[in-house]
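Chain residues, written in single-letter form:
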Amino acid sequence: MWPRAMQEICDELAFRTGVISVLSLPGGEPILAATTGFEEPWLDRVFYYTSELVDLWGGDAVIRSLPLDEPAVLSAVNPAAIADEHPHPFHEAFNRPQGFVDALAIGLTRDDGSIGTIGFNRHADAGLVGPREIEIMQLLLPHLQRAATISRVLEARSIAARQFSAVLDGLTAPIAVVGTDLDLKYANPALNGVLTLSERNLDLVDGQLRLRFAPAQKMLTAALRQAETAGYLPGAAAFGLPIGASTDSVRSLHILPLPPSAADGPLFAIVLAPLSLALESAGPMVASVFGLTRAEQRVFEEIAAGQSVEQVADQLGVAISTVRTHLLRLFAKTETSRQAELVTLAASFLPMTRP
(Lines give C-alpha, C1' and ligand atoms only; values in the text may rest on other atoms or scores of the structure.)
Protein backbone atom coordinates (compact mmCIF):
# COMPACT_ATOMS: atom_id res chain seq x y z
CA MET A 1 0.00 0.00 0.00
CA TRP A 2 3.03 2.31 -0.05
CA PRO A 3 2.36 3.72 -3.56
CA ARG A 4 -1.20 4.59 -2.58
CA ALA A 5 -0.12 6.18 0.71
CA MET A 6 2.55 8.26 -1.02
CA GLN A 7 0.10 9.36 -3.70
CA GLU A 8 -2.33 10.58 -1.01
CA ILE A 9 0.50 12.66 0.49
CA CYS A 10 1.41 14.03 -2.93
CA ASP A 11 -2.18 15.04 -3.61
CA GLU A 12 -2.58 16.79 -0.25
CA LEU A 13 0.76 18.60 -0.18
CA ALA A 14 1.23 19.35 -3.90
CA PHE A 15 4.19 17.01 -4.43
CA ARG A 16 4.63 15.47 -7.86
CA THR A 17 6.39 12.17 -7.00
CA GLY A 18 7.17 9.97 -4.01
CA VAL A 19 9.76 7.26 -3.48
CA ILE A 20 10.57 4.99 -0.53
CA SER A 21 13.76 2.96 -0.27
CA VAL A 22 15.10 0.82 2.59
CA LEU A 23 18.45 -0.90 2.02
CA SER A 24 20.17 -3.56 4.11
CA LEU A 25 23.68 -2.88 5.36
CA PRO A 26 26.47 -3.39 4.56
CA GLY A 27 25.47 -5.00 1.25
CA GLY A 28 22.91 -2.44 0.12
CA GLU A 29 20.30 -4.99 -0.97
CA PRO A 30 16.78 -3.47 -1.20
CA ILE A 31 14.43 -4.48 1.62
CA LEU A 32 11.64 -2.13 0.59
CA ALA A 33 11.20 -0.05 -2.56
CA ALA A 34 8.18 1.70 -4.06
CA THR A 35 7.35 4.83 -6.08
CA THR A 36 4.45 6.97 -7.19
CA GLY A 37 4.05 9.70 -9.80
CA PHE A 38 7.09 8.98 -11.98
CA GLU A 39 6.60 8.63 -15.72
CA GLU A 40 8.65 6.67 -18.22
CA PRO A 41 11.56 6.68 -18.83
CA TRP A 42 12.34 8.22 -15.42
CA LEU A 43 10.62 5.43 -13.51
CA ASP A 44 13.23 2.90 -14.63
CA ARG A 45 16.05 5.17 -13.40
CA VAL A 46 14.80 6.02 -9.91
CA PHE A 47 16.60 3.33 -7.93
CA TYR A 48 19.86 3.56 -9.91
CA TYR A 49 20.85 6.93 -8.48
CA THR A 50 21.53 6.16 -4.81
CA SER A 51 25.04 7.60 -4.70
CA GLU A 52 24.05 10.64 -6.81
CA LEU A 53 21.16 11.40 -4.45
CA VAL A 54 23.45 11.21 -1.44
CA ASP A 55 25.80 13.66 -3.11
CA LEU A 56 22.90 15.95 -4.07
CA TRP A 57 22.02 16.37 -0.39
CA GLY A 58 25.63 17.20 0.53
CA GLY A 59 27.20 13.80 1.03
CA ASP A 60 26.99 10.92 3.49
CA ALA A 61 28.20 12.94 6.48
CA VAL A 62 25.49 15.57 5.97
CA ILE A 63 22.75 12.96 5.59
CA ARG A 64 23.82 11.10 8.71
CA SER A 65 23.81 14.34 10.67
CA LEU A 66 20.19 15.08 9.81
CA PRO A 67 17.85 14.28 12.72
CA LEU A 68 15.48 11.35 12.22
CA ASP A 69 12.66 13.16 14.00
CA GLU A 70 12.42 16.08 11.57
CA PRO A 71 11.68 16.33 7.84
CA ALA A 72 14.63 17.53 5.73
CA VAL A 73 14.12 19.98 2.86
CA LEU A 74 16.67 20.05 0.04
CA SER A 75 16.43 23.82 -0.52
CA ALA A 76 17.40 24.34 3.13
CA VAL A 77 20.01 21.57 3.51
CA ASN A 78 21.95 22.14 0.27
CA PRO A 79 20.51 25.10 -1.68
CA ALA A 80 23.56 25.31 -3.97
CA ALA A 81 22.66 21.93 -5.49
CA ILE A 82 19.43 23.31 -6.99
CA ALA A 83 20.62 26.83 -7.81
CA ASP A 84 19.85 28.23 -11.23
CA GLU A 85 23.56 28.64 -11.93
CA HIS A 86 25.94 25.69 -11.64
CA PRO A 87 23.40 23.19 -10.18
CA HIS A 88 24.40 19.70 -9.11
CA PRO A 89 24.79 17.34 -12.13
CA PHE A 90 22.06 15.06 -10.83
CA HIS A 91 19.66 17.99 -10.47
CA GLU A 92 20.54 19.11 -13.98
CA ALA A 93 20.12 15.63 -15.52
CA PHE A 94 17.23 14.18 -13.50
CA ASN A 95 15.25 16.86 -11.68
CA ARG A 96 15.13 19.74 -14.15
CA PRO A 97 13.89 17.69 -17.14
CA GLN A 98 10.92 16.64 -14.99
CA GLY A 99 10.34 20.15 -13.63
CA PHE A 100 11.39 19.37 -10.03
CA VAL A 101 12.66 22.34 -8.04
CA ASP A 102 12.77 21.02 -4.45
CA ALA A 103 12.47 17.87 -2.36
CA LEU A 104 11.48 16.79 1.14
CA ALA A 105 12.80 13.63 2.80
CA ILE A 106 12.22 11.72 6.02
CA GLY A 107 14.69 9.27 7.50
CA LEU A 108 12.93 5.98 8.21
CA THR A 109 15.81 3.94 9.61
CA ARG A 110 19.50 4.47 10.15
CA ASP A 111 21.29 1.70 12.03
CA ASP A 112 23.92 -1.00 11.54
CA GLY A 113 21.46 -3.22 9.69
CA SER A 114 19.68 -0.84 7.35
CA ILE A 115 19.21 2.68 6.06
CA GLY A 116 15.99 4.01 4.60
CA THR A 117 14.23 7.17 3.50
CA ILE A 118 10.97 8.32 2.02
CA GLY A 119 11.13 11.38 -0.20
CA PHE A 120 8.87 13.66 -2.25
CA ASN A 121 9.72 15.95 -5.18
CA ARG A 122 8.16 19.36 -5.66
CA HIS A 123 7.33 20.57 -9.18
CA ALA A 124 7.98 24.12 -10.34
CA ASP A 125 4.22 24.70 -10.61
CA ALA A 126 3.92 24.42 -6.80
CA GLY A 127 7.14 26.23 -5.89
CA LEU A 128 9.56 25.40 -3.07
CA VAL A 129 8.57 23.34 -0.03
CA GLY A 130 7.01 25.63 2.57
CA PRO A 131 6.02 25.69 6.27
CA ARG A 132 2.68 23.91 5.74
CA GLU A 133 4.29 20.92 4.05
CA ILE A 134 6.95 20.69 6.77
CA GLU A 135 4.36 20.94 9.56
CA ILE A 136 2.12 18.22 8.15
CA MET A 137 5.04 15.94 7.36
CA GLN A 138 6.20 16.42 10.96
CA LEU A 139 2.87 14.98 12.08
CA LEU A 140 3.12 12.07 9.62
CA LEU A 141 6.76 11.29 10.38
CA PRO A 142 6.35 8.85 13.34
CA HIS A 143 3.57 7.00 11.52
CA LEU A 144 5.66 6.58 8.36
CA GLN A 145 8.61 5.35 10.41
CA ARG A 146 6.41 2.85 12.25
CA ALA A 147 4.86 1.63 8.99
CA ALA A 148 8.31 1.16 7.46
CA THR A 149 9.40 -0.91 10.46
CA ILE A 150 6.31 -3.11 10.10
CA SER A 151 7.02 -3.50 6.38
CA ARG A 152 10.58 -4.62 7.13
CA VAL A 153 9.36 -7.23 9.62
CA LEU A 154 6.72 -8.55 7.22
CA GLU A 155 9.20 -8.73 4.35
CA ALA A 156 11.76 -10.54 6.52
CA ARG A 157 9.10 -13.09 7.49
CA SER A 158 8.05 -13.46 3.87
CA ILE A 159 11.64 -14.11 2.79
CA ALA A 160 12.11 -16.66 5.58
CA ALA A 161 8.90 -18.44 4.61
CA ARG A 162 9.89 -18.58 0.93
CA GLN A 163 13.33 -19.94 1.79
CA PHE A 164 11.85 -22.52 4.18
CA SER A 165 9.39 -23.71 1.55
CA ALA A 166 12.11 -23.85 -1.11
CA VAL A 167 14.24 -26.12 1.09
CA LEU A 168 11.35 -28.47 1.89
CA ASP A 169 10.20 -28.53 -1.74
CA GLY A 170 13.63 -29.79 -2.80
CA LEU A 171 13.81 -32.75 -0.40
CA THR A 172 13.08 -36.32 -1.41
CA ALA A 173 11.53 -37.15 1.95
CA PRO A 174 7.76 -36.58 2.02
CA ILE A 175 7.11 -33.76 4.51
CA ALA A 176 3.94 -32.17 5.84
CA VAL A 177 3.22 -29.42 8.35
CA VAL A 178 0.03 -30.14 10.29
CA GLY A 179 -1.96 -28.92 13.25
CA THR A 180 -3.05 -30.98 16.24
CA ASP A 181 -6.01 -32.43 14.33
CA LEU A 182 -3.71 -33.40 11.43
CA ASP A 183 -5.17 -30.58 9.35
CA LEU A 184 -2.71 -30.06 6.52
CA LYS A 185 -1.00 -26.65 6.43
CA TYR A 186 1.73 -27.52 3.91
CA ALA A 187 2.81 -30.51 1.82
CA ASN A 188 6.01 -30.69 -0.22
CA PRO A 189 6.01 -32.23 -3.73
CA ALA A 190 7.34 -35.55 -2.40
CA LEU A 191 4.35 -35.94 -0.08
CA ASN A 192 1.93 -34.96 -2.84
CA GLY A 193 3.53 -37.70 -4.92
CA VAL A 194 2.89 -40.27 -2.18
CA LEU A 195 -0.77 -39.23 -1.99
CA THR A 196 -1.23 -40.11 -5.69
CA LEU A 197 0.04 -43.70 -5.33
CA SER A 198 -2.49 -46.50 -5.42
CA GLU A 199 -0.49 -48.38 -2.79
CA ARG A 200 0.11 -45.87 0.01
CA ASN A 201 0.00 -45.63 3.77
CA LEU A 202 -1.95 -42.39 4.15
CA ASP A 203 -4.74 -40.33 2.62
CA LEU A 204 -5.89 -36.73 2.63
CA VAL A 205 -9.52 -36.61 3.79
CA ASP A 206 -11.31 -33.26 4.07
CA GLY A 207 -7.98 -31.50 4.42
CA GLN A 208 -6.67 -33.84 7.13
CA LEU A 209 -3.99 -36.52 6.90
CA ARG A 210 -5.28 -39.98 7.72
CA LEU A 211 -3.12 -43.09 8.15
CA ARG A 212 -4.50 -46.31 6.66
CA PHE A 213 -2.87 -48.39 9.41
CA ALA A 214 -5.48 -47.94 12.17
CA PRO A 215 -3.18 -48.57 15.18
CA ALA A 216 -0.74 -45.99 13.80
CA GLN A 217 -3.54 -43.44 13.36
CA LYS A 218 -4.59 -43.96 16.97
CA MET A 219 -1.01 -43.63 18.23
CA LEU A 220 -0.38 -40.51 16.15
CA THR A 221 -3.53 -38.75 17.34
CA ALA A 222 -2.69 -39.54 20.95
CA ALA A 223 0.90 -38.35 20.50
CA LEU A 224 -0.13 -35.00 19.03
CA ARG A 225 -2.71 -34.45 21.76
CA GLN A 226 -0.08 -35.16 24.40
CA ALA A 227 2.36 -32.80 22.72
CA GLU A 228 -0.31 -30.08 22.60
CA THR A 229 -0.97 -30.48 26.33
CA ALA A 230 2.73 -30.36 27.17
CA GLY A 231 3.21 -27.25 25.04
CA TYR A 232 6.06 -26.41 22.68
CA LEU A 233 9.57 -26.62 24.09
CA PRO A 234 12.44 -25.13 22.04
CA GLY A 235 14.71 -27.91 20.87
CA ALA A 236 12.09 -30.57 21.53
CA ALA A 237 13.18 -33.87 20.04
CA ALA A 238 11.37 -35.49 17.15
CA PHE A 239 9.75 -38.84 17.76
CA GLY A 240 8.85 -41.65 15.37
CA LEU A 241 5.98 -44.08 14.81
CA PRO A 242 5.73 -47.14 12.53
CA ILE A 243 2.84 -46.72 10.13
CA GLY A 244 2.54 -50.15 8.53
CA ALA A 245 3.64 -51.67 5.25
CA SER A 246 2.44 -51.30 1.70
CA THR A 247 3.29 -53.66 -1.15
CA ASP A 248 6.29 -51.62 -2.21
CA SER A 249 7.66 -50.05 0.97
CA VAL A 250 7.60 -49.90 4.73
CA ARG A 251 7.70 -46.45 6.25
CA SER A 252 8.04 -44.83 9.62
CA LEU A 253 6.60 -41.46 10.48
CA HIS A 254 8.64 -38.87 12.39
CA ILE A 255 7.05 -35.90 14.16
CA LEU A 256 8.89 -32.72 15.09
CA PRO A 257 7.05 -30.10 17.19
CA LEU A 258 7.33 -26.60 15.69
CA PRO A 259 6.89 -23.20 17.33
CA PRO A 260 3.14 -22.50 17.58
CA SER A 261 1.49 -20.10 15.16
CA ALA A 262 -0.76 -17.34 16.47
CA ALA A 263 -3.24 -18.16 13.72
CA ASP A 264 -2.97 -21.94 13.64
CA GLY A 265 -1.94 -22.93 17.18
CA PRO A 266 0.45 -25.88 17.71
CA LEU A 267 2.21 -27.08 14.55
CA PHE A 268 4.11 -30.26 13.75
CA ALA A 269 6.42 -31.25 10.93
CA ILE A 270 5.76 -34.81 9.79
CA VAL A 271 8.41 -36.67 7.80
CA LEU A 272 7.81 -40.04 6.13
CA ALA A 273 10.96 -42.14 6.14
CA PRO A 274 11.29 -45.13 3.79
CA LEU A 275 12.64 -48.28 5.40
CA SER A 276 13.19 -49.83 2.00
CA LEU A 277 16.29 -48.38 0.38
CA ALA A 278 16.57 -46.72 -3.01
CA LEU A 279 19.80 -48.53 -3.80
CA GLU A 280 19.80 -47.47 -7.41
CA SER A 281 21.02 -44.17 -5.94
CA ALA A 282 23.07 -45.39 -2.98
CA GLY A 283 24.97 -48.17 -4.74
CA PRO A 284 26.84 -46.07 -7.32
CA MET A 285 27.72 -43.43 -4.72
CA VAL A 286 29.11 -45.98 -2.27
CA ALA A 287 31.02 -47.68 -5.08
CA SER A 288 32.54 -44.36 -6.12
CA VAL A 289 33.56 -43.34 -2.59
CA PHE A 290 35.05 -46.69 -1.56
CA GLY A 291 36.39 -47.83 -4.92
CA LEU A 292 34.18 -50.90 -5.29
CA THR A 293 34.38 -53.09 -8.35
CA ARG A 294 31.21 -53.69 -10.33
CA ALA A 295 30.82 -57.14 -8.77
CA GLU A 296 31.35 -55.76 -5.26
CA GLN A 297 28.78 -53.05 -5.91
CA ARG A 298 26.20 -55.67 -6.97
CA VAL A 299 26.82 -57.69 -3.81
CA PHE A 300 26.68 -54.53 -1.68
CA GLU A 301 23.31 -53.50 -3.16
CA GLU A 302 21.77 -56.91 -2.55
CA ILE A 303 23.12 -57.22 1.00
CA ALA A 304 22.02 -53.66 1.83
CA ALA A 305 18.54 -54.54 0.57
CA GLY A 306 18.33 -57.23 3.25
CA GLN A 307 19.24 -60.31 1.20
CA SER A 308 21.13 -63.20 2.77
CA VAL A 309 24.39 -64.50 1.30
CA GLU A 310 22.52 -67.49 -0.12
CA GLN A 311 19.86 -65.27 -1.68
CA VAL A 312 22.51 -63.00 -3.21
CA ALA A 313 24.29 -66.01 -4.72
CA ASP A 314 21.03 -67.24 -6.21
CA GLN A 315 20.10 -63.75 -7.47
CA LEU A 316 23.48 -63.19 -9.16
CA GLY A 317 23.90 -66.79 -10.35
CA VAL A 318 27.26 -67.32 -8.59
CA ALA A 319 28.55 -69.65 -5.90
CA ILE A 320 27.98 -68.83 -2.22
CA SER A 321 31.75 -68.85 -1.68
CA THR A 322 32.11 -66.14 -4.34
CA VAL A 323 29.59 -63.91 -2.58
CA ARG A 324 31.40 -64.43 0.74
CA THR A 325 34.71 -63.46 -0.86
CA HIS A 326 33.18 -60.24 -2.22
CA LEU A 327 31.58 -59.60 1.18
CA LEU A 328 34.94 -59.83 2.95
CA ARG A 329 36.40 -57.36 0.48
CA LEU A 330 33.43 -55.05 1.10
CA PHE A 331 34.07 -55.18 4.85
CA ALA A 332 37.72 -54.29 4.28
CA LYS A 333 37.06 -51.41 1.89
CA THR A 334 34.21 -49.85 3.88
CA GLU A 335 35.77 -50.56 7.30
CA THR A 336 32.70 -52.48 8.45
CA SER A 337 32.42 -55.95 9.94
CA ARG A 338 28.75 -56.94 9.73
CA GLN A 339 26.07 -57.02 7.07
CA ALA A 340 23.85 -54.77 9.21
CA GLU A 341 26.53 -52.09 9.03
CA LEU A 342 26.35 -52.21 5.23
CA VAL A 343 22.62 -51.52 5.45
CA THR A 344 23.30 -48.49 7.65
CA LEU A 345 26.03 -47.35 5.28
CA ALA A 346 23.66 -47.50 2.32
CA ALA A 347 21.03 -45.47 4.17
CA SER A 348 23.56 -42.75 4.95
CA PHE A 349 24.28 -42.31 1.25
CA LEU A 350 20.68 -41.93 0.10
CA PRO A 351 20.08 -38.58 -1.64
CA MET A 352 18.02 -36.03 0.29
CA THR A 353 17.31 -33.62 -2.53
CA ARG A 354 15.24 -34.06 -5.65
CA PRO A 355 17.05 -33.86 -9.02
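Use the structure listed above.
Conventions adopted
- Along each chain, the written sequence defines residue order, and numbers are assigned to residues from 1.
- Where totals are concerned, whole chains, interfaces and linings use all residues; where local detail is concerned, this predicted model gives features only for residues with pLDDT of at least 70, and gives and counts side-chain atom pairs only at 80 or more.
- Note that water and hydrogens are dropped before the side-chain values are worked out from all heavy atoms of the structure.
- Angular values range over 0 to 180 degrees, each being the angle between N-to-C directions of two axes fitted as lines to C-alpha atoms, with helices fitted over their stretch in contact.
- Numbering goes from the N terminus for both helices and strands, where a helix is a DSSP run of H or I of at least four residues and a strand is a run of E of at least two.
- An angle below 35 degrees is treated as roughly parallel, one above 145 as roughly antiparallel, one from 65 to 115 as roughly perpendicular, and anything else as oblique.
- Take the far helix as the reference: if the near one is turned anticlockwise from it by less than a right angle, the crossing is left-handed, and if turned clockwise, right-handed.
- Contact between two residues is taken to exist if any of their heavy atoms lie within 4.5 Å; hydrogens are not considered.
- Under the scheme applied here, a residue whose accessible area is under 20% of the maximum for its type counts as buried, over 50% as exposed, and between as partly exposed, the area being computed with a 1.4 Å probe on protein chains only.
- The directions considered for the arc are those from the helix axis to the C-beta atoms.
- Whenever Lys or Arg places a side-chain nitrogen within 4 Å of a carboxyl oxygen from Asp or Glu, that contact is recorded as a salt bridge.
- Within 6.5 Å between ring centres, the rings of Phe, Tyr and Trp (the latter by its six-membered ring) count as paired, and their orientation is classed by plane angle as stacked under 30 degrees, edge-to-face over 60, tilted in between.
- When DSSP finds two or more bridges between two strands, those strands count as paired.
- All residues other than Ala, Val, Leu, Ile, Met, Phe, Trp, Tyr, Cys, Pro, Asp, Glu, Lys and Arg, Gly among them, are scored as polar; the first ten of these are nonpolar and the last four charged.

Asker: Hey, could you run me through the packing of helix 11 (residues 309–316) against helix 12 (residues 320–334) in this one?
Answerer: When two helices pack together, their arrangement is given by the angle between the helix axes and the distance between those axes. Following both chains from N to C, one finds helix 11 and helix 12 inclined at 110°, their axes separated by 8 Å at the closest point. The orientation of helix 11 relative to helix 12 falls into the category roughly perpendicular. The way helix 11 lies across helix 12 gives a crossing that is right-handed. On the side of helix 11, the interface is formed by V309, E310, V312 and A313, while helix 12 contributes I320, V323, R324 and L327.

Asker: Looking at this structure, how should I read helix 5 (residues 89–98)?
Answerer: Structurally, the α-helix is built with 3.6 residues per turn, so residues lying three or four positions apart point the same way. Along helix 5, the residues that are buried comprise F90, H91, F94, N95 and Q98. In an axial view of helix 5, the angular spread of the buried residues amounts to 110°, which keeps them on one side of the axis. Of the surrounding secondary structure, the elements contacted by the buried residues of helix 5 are helix 2 (50–56), strand 4 (100–110) and strand 5 (114–123).

Asker: What should I look at first to understand the pattern of salt bridges in this one?
Answerer: Once their charged atoms are close, side chains differing in charge can pair, the charge on each being opposite to the other. Applying the stated rule across the entire model yields 12 salt bridges. Salt-bridge contacts for R132 lead to E12; the nearest nitrogen and oxygen are separated by 2.7 Å. A residue pair is termed long-range when its members are at least 10 positions apart, and R132 in helix 6 (residues 131–169) and E12 in helix 1 (residues 2–13) qualify at 120 residues. By relative accessible area, which is 40% here, R132 ends up partly exposed. We note a salt bridge from R16 to D125, for which the minimum N-O separation is 3.9 Å. Linking R16 in the loop between helix 1 and strand 1 (17–24) with D125 in the loop between strand 5 and helix 6, this pair joins segments that are 109 residues apart in sequence. Accessibility expressed as a relative area gives 69% for D125, which makes it exposed. A single salt-bridge network, built from bridges that share partners, covers D84, E92 and R96.

Asker: Even after reading the chapter, I still don't get the packing of aromatic side chains, so can you show me in this structure?
Answerer: In this description, an aromatic ring pair is defined by two values, namely the gap between the centres and the angle between the planes. Throughout the structure, instances matching the rule amount to 5 aromatic pairs. Ring geometry for F38 versus F94: centroids 6.3 Å apart, planes at 45°, classification tilted. Placement of F38 in the loop between strand 2 (30–36) and helix 2 and of F94 in helix 5 is noted, with a sequence separation of 56 residues between them. Taking the relative accessible area as the measure of exposure, F38 reaches 12% and is therefore buried. Grouping aromatic residues by their ring pairs yields a cluster made of F38, W42, F90, F94 and F100.

Asker: What am I meant to see in the sheet that holds strand 4 here?
Answerer: Strand pairing in a sheet relies on backbone hydrogen bonds. The paired strands run either parallel or antiparallel. Strand order in the open sheet formed by 5 strands is 2-1-5-4-3, with antiparallel pairing between adjacent strands. Across the chains shown, the open sheet's two edge strands, defined by having one partner strand only, are strand 2 and strand 3 (72–73). Examined bridge by bridge, strand 4 and strand 5 share 9 bridges and lie antiparallel to one another. Looking at strand 5, one finds that A103 is bridged to N121. Where helix 1 meets the sheet, it contacts strand 1, strand 2 and strand 5, and its direction lies at approximately 45° from that of strand 2. Packing against the sheet, helix 5 makes contact with strand 4 and strand 5, and its axis sits at approximately 115° to strand 4.

Asker: Which parts of the structure should I look at to understand the side chain of Q98?
Answerer: Its place among the elements puts Q98 in helix 5. What makes Q98 buried here is its relative accessible area of 13%. Each residue touching Q98, except ones within four places of it in the same chain, is listed here: F38, W42 and H123.

Asker: Mind showing me how you'd approach the pairing of strand 1 here?
Answerer: In the case of a regular strand, side chains alternate between the two sheet surfaces. Within strand 1, 8 of the 8 residues are buried, leaving the element largely enclosed by the surrounding structure. Side-chain alternation along strand 1 places T17, V19, S21 and L23 on one buried face and G18, I20, V22 and S24 on a second face that is also buried. For strand 1 and strand 5, the ladder comprises 8 bridges, and the chain directions are antiparallel. Within strand 5, the position partnered with L23 by the bridge is I115. Relative to strand 2, strand 1 runs antiparallel, the two being bridged by 6 bridges. Looking at strand 2, one finds that G18 is bridged to T36.

Asker: Explanation requested: the packing of helix 10 (residues 294–304) against helix 11 in the structure shown.
Answerer: Remark: helix 10 packs on helix 11, axes separated minimally by 10 Å, with the N-to-C direction vectors making an angle of 130°. By the criterion of interaxial angle, the relationship of helix 10 to helix 11 is oblique. The handedness of the crossing between helix 10 and helix 11 comes out as right-handed. Residue-level contacts link R298, V299, E302 and I303 of helix 10 to V312, Q315 and L316 of helix 11. When its residues are assigned to classes, the contact of helix 10 with helix 11 shows 4 nonpolar, 1 polar and 2 charged.

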